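Listed below, chain by chain, are the residues.
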Amino acid sequence: MHLQYEDFEKIMDIGIRLSTEKDRNCLLMTILDKGMEITNCDASTLYLYENGELKFKFMKTLSKGISRGLDGEVIDLPPVPMKEENVCSYAAIHREVVNISDVYASRRFDFSGPRQYDSLTGYHTQSQLVVPLANNENELIGVLQLINAMDEEGSVIAFNEEYEIIIRALGAIAAIELTNLSYVEALKAQIYSFVEALTTALEKRTPYNALHTRNVEKYASLLADYITELHREGKCEKTFDPARKEQLMLAALIHDIGKMVVPLSIMNKATRLDTRLEKVDDRFALLKALYEIDMLQGRITGEEYGAVIRDLESELAFIHEMDVADHVGDGECEHIRKLAAKRHIGEDGSVLTYLTENEAECLAIRSGTLTLQERREMENHVVMTSKILEKVQFYKGFSMVPKWVGAHHEYLDGSGYPKGLKGDELDLETRLLTVVDIYDALVATDRPYKQPISRPKAIQILKDMAQKGKVDLQLVEWLDEALEKEEQ
């Protein structure tokens, strides 16, 4: 039997498939299946070289309907030690193809294992072709063992020697691709370790919203999986294959890394005044003392002193109330303006204001805890995230991460920051990150400046934002459905 044109054509197709396969298990299965197909054999075993031994990865016997290891199943057989009396180990040690026409007639190797297997199963092992899988640096990856070549009538025959070079070439291509996949996996692991380190540092930096990054990753994964499920059901054109989702997850983990440079006084600002409130309390205590001195020295009457003390206590209670209020209205802002104008003038002409300009500005914040300048510094974390990621050489499979992360505070109507991007300028992944980022901020339980709200209320807020053209309504609805399904 000689090689035909169709054999070479088949080999070319296999080489192309191996070079484009990105899944390690699929690549290994392709080696086994195509090796069997080329040589028309009945059975095969694929071993991987790990920790100085050959470990069973896949086993297949067509005539017995046996197929093991295909679904990640661990084959519970002891690994093969690297001893030369074993044919697979010999092939691996010497990087040599071994062709045995009749196992039972051969005295070259110890075939007690196949004979024992045959006696237990009723199978008859006869011919073997054992091929080492070594890459272009001669590093051993594993061994492919092909068993019982068959002729056109289905009778077991010896493996055609002409196939040896073809199977060896197949093994070499596969080994190189496996090595390339290992390099890619190592690159991914390196990037993930870098991201995990930065994320951990960010979480440890502040006790507030420490879980935010992990939650955004969780919600992004949930939503991506739900979209993929809808796609499989024919209900959605969008989908997230493993590579796309992997890139999204990395973006979720690193989306707030720029907060590493935001001052803690802003990051940890729990109320409008935060640590400034203690200074206000001390100042009001001083004001009481100063007015008491004024009374004792006769500059004000006892009645005037009583009135001013009552006013101080009332104003301080108002300050404490405004410090933690959900919202500050026009009336309260006007009151704060007038309060900031109040002052005590000492006998020597010294002036002590009830509130500093900055304290008044903080108290007059309509909602939240940050002043306009503080908010700008907080929003600058997106710019800093982009600048940090510019210094990272991302593997090409993660090349979109900086773009998605740098735009996760943009809105569809262009009113977001930092660049005012809108509409089609925002990828699906960016829109998704925006939605889950806002959702977690709304339902978060570790924010000292706000109470968490329920899922339905958070979703309604997002829907209201969508109606105003801020976020993607479809993604909000899918997130709601995914969360509801998870709770069931």
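For the structure, check the block above.
A short tour of the structure in this document, coming up.

With respect to empty space enclosed by the protein
Move 1: According to the stated counting rule, one finds 2 cavities of 30 Å³ or more in the structure shown.
Move 2: Lining the second largest cavity we find Glu410, Leu412, Leu426, Arg431, Thr434, Lys470, Val471 and Asp472.

Structural notes on the nonpolar core
Across soluble globular proteins, you tend to see nonpolar side chains buried next to one another.
Move 1: With 48 residues, the main nonpolar core has Leu432 and Tyr439 as its most contacted residues.
Move 2: Those elements that place two or more of their residues in this core are helix H5 (162-205), helix H6 (212-232), helix H7 (242-254), helix H14 (401-406), helix H15 (428-443), helix H16 (455-467) and helix H17 (473-487).
Move 3: With 9 residues, the top contributor of residues to this core is H15.
Move 4: Ile38, Phe58, Ile167 and Leu178 belong to the second largest nonpolar core, which has 27 residues in total.

Details of the pattern of salt bridges
Move 1: If you walk through the whole model with that rule in mind, you get 25 salt bridges.
Move 2: Between Glu359 and Arg283 there is a salt bridge; the shortest N-O distance is 2.8 Å. Of this pair, Glu359 sits in helix H12 (residues 357-363) while Arg283 sits in helix H9 (residues 276-296); the two residues are 76 residues apart in sequence, bridging distant segments of the chain. In this structure, Glu359 and Arg283 share a single accessibility class: buried.
Move 3: Among the salt bridges present, the one from Arg366 reaches Asp330, with a minimum N-O distance of 2.7 Å. Placement of the pair is Arg366 in the loop between H12 and helix H13 (372-390) and Asp330 in helix H11 (residues 330-341), with a sequence separation of 36 residues.
Move 4: Arg366 gets classed as partly exposed once you look at its relative accessible area, which sits at 38%.

About the cut-offs
- Residues numbered from 1 in each chain as written.
- Predicted model: local features only at pLDDT ≥ 70, side-chain atom pairs only at ≥ 80, totals over all residues.
- Heavy atoms only, no water.
- 1 Å grid on protein atoms, 1.4 Å probe; cavity = no way out; pocket = protein on both sides within 12 Å on 5 of 7 lines; lining within 4 Å.
- Points joined across faces, edges and corners; volume = space filled by probe spheres on them.
- Core = buried A, V, L, I, M, F, W, Y, C linked by side-chain atoms within 4.5 Å.
- Buried < 20%, exposed > 50% of the residue type's maximum accessible area, 1.4 Å probe, protein only.
- Helix = DSSP H or I, 4+ residues; strand = E, 2+ residues; numbered from the N terminus.
- Salt bridge = Lys/Arg side-chain N within 4 Å of Asp/Glu carboxyl O.

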